[in-house]
Amino acid sequence: MYNLPNLITLSRILMIPFFVNFLVYKYYGYAFAIFLLAGISDGLDGFIARSSKQKTKLGTFLDPMADKLLLTASFVTLTALHLIPVWVSIIVISRDIIIIIGALMLILFQDDLKVSPSLTGKATTLFQIVYIVFLLLFIVIGKNIDNIKPIMWIMIGITIASGAQYIYLGVKLLNTNGK
């Protein structure tokens, strides 16, 4: 249950208030460092869990939750600071809400539900992280954040595609169960 990978994941969750605080008070360098540390810890906990055979149900739940909490906090805070357009955050967060509602529906109607992220879902998380990293980096080094709009558009496209894919798969699973 509690092992090193899970403790690393929990520490990532505990970094979120510090990250948000640094953003709000415009300590962008510290916020950037925490975001990078969170990313490194995400890779580290997964590597340790797989290589030492310490994968747990708790870790399977906590790891993606930590990612979603950090990304949601990032998008909401950066939007509140007028560094990300509101509509971008609406798309990102709406996709996650749709997935959560869909998963809850599947849990209610499916007996043996096995959930795993799709390749598009993993790409969405990766591009959301890349977008936040570049945004923070450009802020820290004083570059114009409009220069990362191509990354934003790719991230938005993959986010929408991923959301559509999860909706399609969810409807397909619900319809299969009803037969």
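Above this text is the structure in question.
Criteria and thresholds
Every chain is numbered on its own, with residues counted from 1 as its sequence reads. Local features in a predicted model are, by the rule used here, given only for residues with pLDDT of at least 70; side-chain atom pairs are given and counted only at 80 or more, and totals for whole chains, interfaces and linings are based on all residues. With hydrogens and water set aside, each side-chain value is computed from the structure's full complement of heavy atoms. The way it works is that DSSP assigns letters per residue, a run of H or I at least four long becomes a helix, a run of E at least two long becomes a strand, and they are numbered from the N terminus. Taken over C-alpha atoms, the radius of gyration is set against a globule rule of 2.2 Å times the number of residues to the power 0.38. Burial classes follow relative accessibility: with a 1.4 Å probe on protein chains only, a residue under 20% of its type's maximum area counts as buried, one over 50% as exposed, and anything between as partly exposed. Calculation of accessible area relied on Shrake-Rupley with a 1.4 Å probe; when residues are assessed, cover is drawn exclusively from the protein chains displayed. By the counting scheme adopted, Arg and Lys are positive, Glu and Asp are negative, and His together with the chain ends is not counted. Note on charges: their place is set at NZ of Lys, CZ of Arg, CG of Asp or CD of Glu. Side-chain atoms within 4.5 Å link the members of a nonpolar core, which is a set of buried Ala, Val, Leu, Ile, Met, Phe, Trp, Tyr and Cys residues. Stacked, edge-to-face and tilted are the three classes for Phe, Tyr and Trp ring pairs, Trp counted by its six-membered ring, which pair at centre distances within 6.5 Å; planes under 30 degrees apart are stacked, over 60 edge-to-face, the rest tilted. Only residues whose relative accessible area exceeds 30% and that form no salt bridge enter a patch; like-charged residues are grouped when within 9 Å of one another, and nonpolar side chains (Val, Leu, Ile, Met, Phe, Trp, Tyr) when within 5 Å. Any carboxyl oxygen of Asp or Glu that lies within 4 Å of a side-chain nitrogen of Lys or Arg is treated as forming a salt bridge with it. Between N or O atoms, a polar contact is any pair within 3.5 Å; within protein, one atom must be a potential hydrogen donor and the other a potential acceptor, and residues adjacent in sequence are included only when both atoms are from side chains. Here, two residues are considered to be in contact whenever any of their heavy atoms come within 4.5 Å of each other.

Could you clarify how one ought to interpret the overall build of the protein in this entry?
Within the protein, the secondary structure is distributed over 6 helices and 0 strands. Helices (α) and strands (β) of the protein occur, in sequence order from the N terminus, as α-α-α-α-α-α. Taking 16 Å as the expected radius of gyration for a compact globule of 179 residues, we find that the protein reaches 17 Å, a close match to that expectation. When the backbone C-alpha atoms are referred to their principal axes, the protein occupies close to 55 × 35 × 25 Å. Residues counted as buried form 37% of the 179 residues belonging to the protein. Accessible surface for the protein amounts to roughly 10700 Å². Of this, 72% is attributable to carbon and sulfur atoms. The positive charge centre, built from 14 side chains, and the negative charge centre, built from 8, are 4 Å apart in the protein.

Please clarify how the nonpolar core should be interpreted in this entry.
Note that soluble globular proteins tend to have their nonpolar side chains buried in a common cluster. Counting 31 residues, the largest nonpolar core has Phe75, Tyr131 and Ile132 as the members making the most contacts within it. Elements supplying a minimum of two residues to this core: helix 1 (4–24), helix 2 (28–51), helix 3 (57–80), helix 4 (86–109), helix 5 (119–141) and helix 6 (149–178). The biggest single contributor to this core is helix 5, with 7 residues.

Please clarify how the packing of aromatic side chains should be interpreted in this entry.
For any two aromatic rings, the description comes down to two numbers: the centre-to-centre distance and the angle of the planes. The final tally for this structure, using the stated rule, is 7 aromatic pairs. Residues phenylalanine 19 and phenylalanine 35 carry aromatic rings whose centres are separated by 5.6 Å and whose planes lie at 40° to one another, so their mutual orientation is tilted. Residue phenylalanine 19 is located in helix 1, and its partner phenylalanine 35 is located in helix 2; the two are separated by 16 residues in the primary sequence. Here the two residues phenylalanine 19 and phenylalanine 35 agree in accessibility, since each one is buried. Here phenylalanine 22 and tyrosine 30 contribute two aromatic rings whose centre-to-centre distance is 5.2 Å and whose plane-to-plane angle is 35°, an arrangement assigned as tilted.

How should I be thinking about a nonpolar patch on the surface in this particular structure?
There is a patch of nonpolar side chains on the surface, built from Ile97, Ile101, Met105, Leu108 and Phe109 and spanning about 510 Å² of accessible area. Among the secondary structure elements, leucine 108 is positioned in helix 4.

I tried to follow the side chain of threonine 159 on my own but got confused; where do I start?
Tracing the backbone through its elements, the reader meets threonine 159 in helix 6. Classification of threonine 159 as buried rests on a relative accessible area of 1%. Of note is the side chain of threonine 159, whose polar atom sits 2.7 Å from the backbone oxygen of methionine 155. Here threonine 159 is in contact with Ile91, Val92, Arg95, Thr124 and Gln128, once residues within four sequence places are set aside.

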